[in-house]
Amino acid sequence: MNFVAANNEGCAIISDDEVDLCSSSHSTRLSQASYFLWRARLKAAVSVNQYGVGSCIYLSKCRVAIGLSLIESVLPSPMPGVKPGIANIITLYAMYRFNFKTALWVSILRVFATSLILGQFLSPTFMLSLTGSMLSLLTLYFAIKLPSQFFSPIGLSVHSSFAHIGGQLLLVRLWLIPHASIYYLIPIYSVAALLFGFINGWITYRLLKHHNSI
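About the cut-offs
Residues numbered from 1 in each chain as written. Predicted model: local features only at pLDDT ≥ 70, side-chain atom pairs only at ≥ 80, totals over all residues. Heavy atoms only, no water. pLDDT = per-residue confidence, 0-100. Contact = heavy atoms within 4.5 Å. Axes fitted to C-alpha atoms, helices over the stretch in contact; angles between N-to-C directions. Helix = DSSP H or I, 4+ residues; strand = E, 2+ residues; numbered from the N terminus. Parallel < 35°, antiparallel > 145°, perpendicular 65-115°, else oblique. Left-handed = near helix turned anticlockwise from the far one by under 90°. Nonpolar A, V, L, I, M, F, W, Y, C, P; charged D, E, K, R; others polar. Buried < 20%, exposed > 50% of the residue type's maximum accessible area, 1.4 Å probe, protein only.

(A) Main features of the confidence of the model for the chain. The predicted model of the chain has a mean per-residue pLDDT of 76, with 71% of residues at 70 or higher. Confidence over residues 1-26 falls short of pLDDT 50; this stretch has 45 contacts with residues more than four positions distant or in other chains. A low-confidence stretch, residues 40-54 (pLDDT under 50), is modelled with 27 contacts involving residues beyond four sequence positions or located in other chains.

Pasting the structure below:
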């Protein structure tokens with residue numbers, strides 16, 4: 001039995017009891033996602049002086065990002081690789097609200113944790129997700145230095161979305177499907193990157209405006 005108390009930092013401690021999260025059924029995955037999102041909202045009975053504000057931020061944002069990734073894993077997709085990337089909202093939000101280092105940790109931990117939960121660690125799916133996330137973060141690292149009056153969170157989200165799908169297509173071409181036919185998929189994935197990048201960027205913009213961070 002865990003003791004839970006309110007805390008202004010919004011941190012939560014994972015229970016000592018291990019939860020079996022290995023089932024691949026959609027209903028179970030949705031329950032897993034709900035669990036992570038619920039735990040992300042808990043206020044842990046832990047002193048910030050013990051763990052530090054930075055650790056609290058990492059844990060809180062990572063739990064939300066993992067929960068969103070699990071929700072996304074049960075969403076239907078018109079074709080392989082076409083996903084809304086809603087967890088990227090947390091990455092972009094963390095970068096604007098805190099700093100790039102926070103966004104980097106949130107993104108990397110999300111990729112590793114989600115792959116372990118879903119049993120995809122070191123699989124092609126994991127490698128594609130990691131490659132896309134790394135190129136997306138690299139793009140955000142340079143894009144955040146551009147003039148903010150010309151590049152809003154929506155613009156950065158679209159750029160990172162294109163970098164993410166571009167990195168995945170490049171890995172597919174070099175490793176999984178070494179054939180030029182992969183290039184015919186570029187227009188389809190480009191439209192998806194533009195659409196979901198814009199939507200995720202708009203949601204991030206609204207969240208930042210709500211917290212007066214831009």
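(B) Geometry of the packing of helix α4 (residues 88-97) against helix α7 (residues 153-176). The geometry of α4 relative to α7 is characterised by a closest axis approach of 11 Å and an angle of 130 degrees between their N-to-C directions. In terms of orientation, α4 and α7 fall into the oblique class. In this structure, the crossing between α4 and α7 has a hand that is right-handed. Taken together, the residues of α7 that come into contact with α4 (itself represented by L92, M95 and Y96) are P153, L156 and S157. In the contact of α4 with α7, the residues fall into 5 nonpolar, 1 polar and no charged.

(C) Inspection of the environment of T131 at higher detail. Within the secondary structure layout, T131 lies in helix α6 (residues 124-143). Under the relative-accessibility criterion, T131 is labelled partly exposed at 24%. Distance from T131 to L170, taken between C-alpha atoms, is 9.3 Å for residues 39 residues apart in sequence. For T131, the contacting residues outside a window of four places in its chain are G167 and L171.

(D) How the structure looks around the packing of α4 against helix α5 (residues 100-117). Axis separation between α4 and α5 bottoms out at 7 Å; the angle between their running directions is 160 degrees. Relative to α5, the element α4 lies roughly antiparallel. Crossing geometry of α4 relative to α5 is assigned as right-handed. Where α4 abuts α5, its residues N88, I90, T91, A94 and M95 lie against F100, T102, A103, V106, S107 and R110. Each residue belonging to the contact of α4 with α5 can be placed in one class, and the counts come to 6 nonpolar, 4 polar and 1 charged.

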